[in-house]
Structure formats: structure tokens, C-alpha cells
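Chain by chain, the residues:
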Amino acid sequence: MSHSDSQAVQTIAASEAANNASGKRKKLFGIFAGVVAIAAIGYGSYWYFIGSRYVSTDNAYTAAEISLVTPAVSGIVSAVKVVDTQYVKQGDVLVVIDSRDAVLALAQAEADLSRAERRVQAYFANDNGLAAQVLSREAEQKRSAAQMLSAQADLQRAELDLRRREALEKSGSVSGEELTNARTTVLTAQANLKAAEAGRIQADANRTATLGAQKASTVLTANTTVDTNPEVMLARAKRDQAKLDLERTVLRAPVEGVVARRQVQPGQRVQVGATLLSVVPTHSLHVDANFKEGQLAQVHLGQPVTMRADIYGSAVEYHGTVVGLSGGTGSAFAMIPAQNATGNWIKVVQRLPVRISINPDELIKQPLSVGLSMDVSIDLRGKTNDNSNAKTAATSASAATL
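Report on the accompanying structure. These figures come from a predicted structure and were not determined experimentally.

### Considering the overall build of the protein chain
Scanning the protein chain from N- to C-terminus turns up six helices and 14 strands. When the 402 residues of the protein chain are sorted by exposure, 26% land in the buried category. Taking contacts inside the protein chain between residues at least 6 apart in sequence as the whole, the part at least 24 apart equals 80%.

Below you can see the structure in the form of C-alpha cells.
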């Protein structure tokens, strides 16, 4: 082979090698572009179907409207019927306070009520007696008026008789003794008239005093009966209060749940309002999930929520709905709130508590306790449950009543 032919072969081989290398690069770039396209499609699909649809957090914990058992009366504890972790039903006896003082107070209140009823009955009887006395005083008034008229007539007759005898004295037709008797009769008639006037005044005063006593007695019974009289009603209210205090010596479970934080022992003297123990309603728990503020733009009431508890792992799944958002972040309600009006300020992402209900049927199957960690995921595109607000309001009202 000539030298020129050898060079031609080398040139052809180099050209083929260059073409092969270029083809490999194009193939690699094509594969890379395909991978990038697939990754972009996969990420886009993930973001559209999952990433933009759900917001999640593991900063979530179970909570409940814990019922505190506090005595309404003071006394010495005679018995404690429960221990921590014991399950109780609503109305079960928890603590018994010595009731002897309450029994004596009730007996005294019942005696006071009976005495008040008898006293008011005496008021009504006194009214009737005073009414009769008023009639008697009016009769005395009439009798004294008649006596005064009679005394006036006697005086006029005695004065007329005296004048006649004084006229006959000059002629000697009347003796001195008769004239003296006539003058004595006039004086007696005058004295009788004054006595009649005094009797009339006394009768008027007696009637006025009796009327005053009747009015004073009527004030105590006006527009009432024995049962509706204020004194009887007050005594009955005190009796009812004593009866209620006796009932309150037995403390019962306000809700169904588990006993926790028992702080009372038999023989201990307890005061009104002191916390003796707590009852955790494990069948009506909820979750407080602390989401970052940037995650809450599309969170609304009623959205469905999926939850997992660390205690059971991913094998158990709970479902619920968003029932409320807190009125402020955790730092806003801290004992010493953050003061951001300083020179060296660093922005910290805040978290807002979101309240989430839990399906009660699932709680019965897999019970939870207060304070357990939860993983929470909210479906932002889930259908809003229109009944969630009503259920939340009913639950809140029930908790407030308890």
C-alpha cells in the first residue's frame, strides 16, 4: 500500500472515531435530558398531587378538656374511692367528705324553716285579731261620743235648772239648800262632760294605735301566703342550701375518663376550691398541631386531617377535621413574650396552634393519652365538612357545662 493510501485510511478512521464520539455525547445528553425531564415531571406531579395539597407537621400533641375535681364544701375526707389511672364513668363516686357537720346544719335549717312558718302563721292570726280590735275601738269611739253628748245634755239641763232657781231666790221661793244642790249638780255635770271628752280622746287614740299596729302587721303579710312569705322563703332557701351542701360531701366524676394527679388522702382536711384530682376524658381527645405560619395560608375549618401516633407507629392511622385556629402564636401567650423592638433582631418563624378533632370511634379502638406526640397531615383540597362547626360548638358547650 502506498503512503498516500495509508494516510487516506487513517483519515477515514479518525473521521469515524470522531463521528462515534459525537454520537455517544449526543446519546448521553439525550439520556440526561430525559432524566431531567422525568425528574421535572415527577417533581411537578408530586407537587401538584401531594406537595401542594398537604401540609404536615410532627409538632403536634394530644390534648383534652381535663376536668378538675374540687370540693364545694370544706371538711375532712373520710374516703377516697379511686386511684390514679383508674377508669371511671360519669357519676361514679370519687371522694367522700365527712358529712356529720352538714347533717347537723341541715337539721338546724329545717328547724329554722319550721319556726319561720309558725311565726308567719302568727302574723296572719295577729292580723285577724287586730282587725277585731279595730272594730272594738270604733265601737268605743261611738260609745264615748254618745257619752259626751249625754254629758253635754246633762250640763245644759243643770245650768238651766240653776238659772231658774237663781231667779226665784230673790222672791224667796227657793231655799238656799236647793240653790246649793243646783250649783253642785252643775259642777257634777261639768265634770262628767270633761270625763266624757277625755274618754272620747282616749277612744280615738286607742283606735289610731290599733290601726297602726294593724298596718305594721299587714306589711309583714301583704300579698303573700305562708309559703310565699319572704321569711319562709329565706328559711327554705337556707334549708335547700344545707341540703345541697350535704349532697356535695360526695364528689362524683363530672365526665367519663381516667383518673390522674390524685392529690387527696383519707383524713386530709380540704378547703373549698382545692384541686383533689383530675379526670381525663380519653374518649374526647383532640390534637393541638403547631404549624409554621407559612403553612396556614390555605388551612380552613372542616378540612380532613390524617394523623399517626408515635405510640402505635405508622400501622395505626387516625382521622379528624380542623375545628379551630388559635387566636395567637405560642410566643404571644408566653409568660415573658418576645420583644422584637430591639437593634439585634433575627426573624424567627412562628407557629400557630391548630385544633384538630379525632374520630371518637377510632379512639375507642386505639385509645390515646394526653400529651402524646402525633404526626399530622391536612388535606388542603379536601371537602369542607359543613357539620364540623356545629360539632365543635356542641363539644365546646358540653365541655363548658361540665
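Alright, that's what it looks like, and here's the rest.
### Notes on the side chain of Asp379
By the element assignment, Asp379 lies in strand E14 (residues 373–379). Within the structure, the side chain of Asp379 is placed 2.7 Å from the side chain of Arg53, a separation counted as a polar contact. Here the side chain of Asp379 touches Arg381 through a polar contact of 3.1 Å, landing on its backbone nitrogen. Apart from the residues lying within four places of it in its own chain, the contact partners of Asp379 are Arg53, Tyr54, Gln303 and Pro304.

### Examining unusual backbone geometry
Excluding glycine, a negative phi dihedral is what most residues carry, and trans is how most peptide bonds are arranged. In this structure, Thr85 takes a positive phi of about 75° despite not being glycine. Residue placement: Thr85 occurs in the loop between strand E3 (75–80) and strand E4 (87–88). With a relative accessible area of 65%, Thr85 lands in the exposed category.

### Some remarks on the sheet that holds strand E7 (residues 257–260)
With respect to topology, four strands assemble into an open sheet ordered E2-E9-E7-E4, the strand pairing being antiparallel. Each edge of the open sheet is held by one strand with a lone partner, namely strand E2 (67–69) and E4. Pairing geometry for E2 and strand E9 (residues 277–280), over three bridges, is antiparallel. Looking at E9, one finds that Ser67 is bridged to Val279.

### Quick notes on the nonpolar core
Grouped burial of nonpolar side chains is what soluble globular proteins tend to show. In this structure, Met307, Tyr318, Met374, Val376 and Ile378 are the most contacted members of the largest nonpolar core, which totals 26 residues. Contributing elements (two or more residues each) for this core: strand E1 (54–63), strand E10 (286–292), strand E11 (304–309), strand E12 (318–325), strand E13 (351–357) and E14. In this structure Val376 touches Val55, Ser56, Thr57, Ala60, Val287, Ala289, Phe291, Val305, Thr306, Met307 and Ile356, once residues within four positions along its chain are discounted. If you look at the next biggest cluster of nonpolar residues, it comprises 18 residues, including Val69, Val80, Val259 and Val270.

### A look at helix H4 (residues 230–247)
The first and last C-alpha atoms of H4 sit 25 Å apart over 18 residues, in line with the 26 Å expected at 1.5 Å per residue. Within H4, burial applies to Val232, Ala235, Arg239 and Ala242. Along H4, the residues classed as buried sweep out an arc of 85° about the axis, all on the same side. Along H4, exposed side chains directed more than 90 degrees from the buried face belong to Pro230, Leu234 and Glu247. Between a side-chain oxygen at the N-terminus of H4 and the backbone nitrogen of Glu231 the separation is 3.0 Å; the capping residue is Asn229.

### Some details on the sheet that holds strand E8 (residues 269–270)
If you trace the four strands from one edge of the open sheet to the other, you get E6-E5-E3-E8, paired in antiparallel fashion. In this open sheet, the two strands that pair with only one neighbour each are strand E6 (250–252) and E8. Two elements, E3 and E8, share two bridges in a ladder whose sense is antiparallel. Each bridged residue has a counterpart across the sheet, and for Ile76 the counterpart in E8 is Arg269.

Conventions adopted
- Each chain has its residues counted from 1, running along the sequence as written.
- For this predicted model, a pLDDT threshold of at least 70 governs which residues receive local features, and a threshold of 80 or more governs which side-chain atom pairs are given and counted, while totals over whole chains, interfaces and linings are taken from all residues.
- In computing side-chain properties, one takes all heavy atoms of the structure into account and sets aside hydrogens as well as water.
- Helix and strand definitions here come from DSSP, where helices need a minimum of 4 consecutive H or I residues and strands a minimum of 2 consecutive E residues; each element is numbered from the N-terminal end.
- Burial here depends on accessible area, computed with a 1.4 Å probe over protein chains only, as a share of the maximum for the residue type. Under 20% is buried, over 50% is exposed, and the range in between is partly exposed.
- Residue contacts are defined here by distance: any two heavy atoms, one from each residue, within 4.5 Å place the two residues in contact.
- Identification of polar contacts relies on pairs of N or O atoms within 3.5 Å, with a donor-acceptor requirement for protein atoms, meaning one able to donate a hydrogen and the other able to accept it, and with residues adjacent in sequence counted only if both atoms are side-chain atoms.
- A pair of strands is considered paired only if DSSP assigns at least 2 bridges between the two.
- Definition of nonpolar core: a set of buried residues of the types Ala, Val, Leu, Ile, Met, Phe, Trp, Tyr and Cys, connected through side-chain atoms within 4.5 Å.
- One fewer than the residue count of a helix, multiplied by 1.5 Å, yields its expected span.
- Throughout, the arc means that of the directions going from the helix axis to the C-beta atoms.

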